[in-house]
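Residue-level structural notes
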Amino acid sequence: MTRDNAAIARTLNEALPYLRRYDDATVVIKLGGHAMGSDEGMASFARDVVLMQTVGINPVIVHGGGPMINGMLARLGVESRFVNGKRVTDAETVSVVEMVLSGQVNKRIVQALNAAGGRAVGLSGKDADLMVCEPDDPELGFVGRPVRMNADFLQDLGRAEMIPVIAPIGTGEKGETFNVNGDTAAGAVAGAMKADRLLLLTDVAGVKGADGEVVTELTAPQVRQMTVDGTIAGGMIPKTQTALDALEDGTRAVVILDGRVPNAVLLELFTSHGAGSLIRL
Ligand code: X2W
């Protein structure tokens, strides 16, 4: 590959205002199970996150892992079903969910970040009472709704230049273990930290308008209207609902974007064209 020095200089120039804007910003990134690709994809994501930190951003990762949970439940012969996008979680299921998310998936991300030169620490909502939950709905069993977050602890880790990697497992007042939807957990973390950005990395390009094209900027009232008229439907609803809740809690903006696109996070943060759909109040 030949180096195009002029193009490199242009790229750096374009990035400069964004580097200034995000200096010391908190950016919460939700990495969904569907957006976690190959080992190369994970390594590339990890390099982007470490680069973000190097230029002064405090990144916080919250992950999912639905497909990995499905795989393990199938291997163990445990049936599983979803109600309104949430897994019905009995005692046996929650122990598998915790094993897969806090064990396998969390450590894969932690290792990738550390291999890229970061200092990542793997956590779940149980560590330092990061995410205390109440039962969401009796029909769902051990599915948690976050009610109390320990944002101070996450701020401390950021000041120590560590990258928190959080599995969406909640702790209960009575010692229960809760399965929390990954988007819900990421929204709760972003809201509690009053994050500058919440990036929801998924496997779709963003929120599509009535014409089928991705809408690059939306306000909360527009999102509500598009939900009422059915333009936003299906699996996008929990994501936009998470976005609205996180904004209400004090997150400055939420971006829904395709995590499978190489360097999605960097393109979103440091270029004028961004990526995906940006939602503000
Ligand atoms: C999810 C947690 C994982 C998750 C589950 O059991 O699948 C609930 O449904 P993705 O990859 O982000 O979908 N929890 C309550 O959200 O993973």
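Look up: the structure comes first, before these words.
In this report, the structure presented in the accompanying data block is examined.

About the criteria used
- Residues numbered from 1 in each chain as written.
- Predicted model: local features only at pLDDT ≥ 70, side-chain atom pairs only at ≥ 80, totals over all residues.
- Heavy atoms only, no water.
- Pairing = 2+ DSSP bridges.
- Helix = DSSP H or I, 4+ residues; strand = E, 2+ residues; numbered from the N terminus.
- Axes fitted to C-alpha atoms, helices over the stretch in contact; angles between N-to-C directions.
- Near = heavy atom within 4 Å.
- Polar contact = N/O pair within 3.5 Å; in protein donor to acceptor, adjacent residues only side chain to side chain.
- Areas by Shrake-Rupley, 256 points an atom, 1.4 Å probe, with all protein chains shown as cover.
- 1 Å grid on protein atoms, 1.4 Å probe; cavity = no way out; pocket = protein on both sides within 12 Å on 5 of 7 lines; lining within 4 Å.
- Sits in = over half its atoms within 2 Å of the grid points.
- Nonpolar A, V, L, I, M, F, W, Y, C, P; charged D, E, K, R; others polar.
- Points joined across faces, edges and corners; volume = space filled by probe spheres on them.

Let us now look at the sheet that holds strand β9 (residues 169–172). Taken together, four strands build an open sheet; the order of strands is β7-β6-β9-β10 and the sheet is mixed. Of all strands in the sheet, those with a lone pairing partner are β7 (144–149) and β10 (177–179), marking the two edges. Averaged over all neighbouring strand pairs, the angle between strand axes comes to 50 degrees, with direction disregarded.

Taken together, 17 residues form the shell around the ligand, and within it Lys30, Gly33, Gly65, Arg87 and Gly182 come nearest. Take glycine 65: an N or O atom from its main chain is 2.9 Å from an oxygen atom of the ligand. In this structure, an oxygen atom belonging to the ligand sits 3.0 Å away from a main-chain N or O atom of glycine 66. Starting from 430 Å² of accessible surface for the ligand in isolation, the protein chains cover 91%. The pocket occupied by the ligand, as judged from atoms lying within 2 Å of grid points, is the largest pocket. At the level of elements, α3 (66–76) and β4 (86–87) are the ones that each hand at least two residues to the shell around the ligand. Ranked by residues supplied to the shell around the ligand, first place goes to α3 with three residues. Residue classes in the shell around the ligand are distributed as five nonpolar, nine polar and three charged.

By volume, the largest pocket amounts to about 780 Å³. Along the wall of the largest pocket there are 38 residues; nearest its centre are His34, Gly85, Asn181, Asp183 and Lys239. Elements supplying a minimum of two residues to the lining of the largest pocket: α3, β4, α6 (182–193), β11 (197–202) and α8 (236–248). Residue classes in the lining of the largest pocket are distributed as 16 nonpolar, 15 polar and seven charged.

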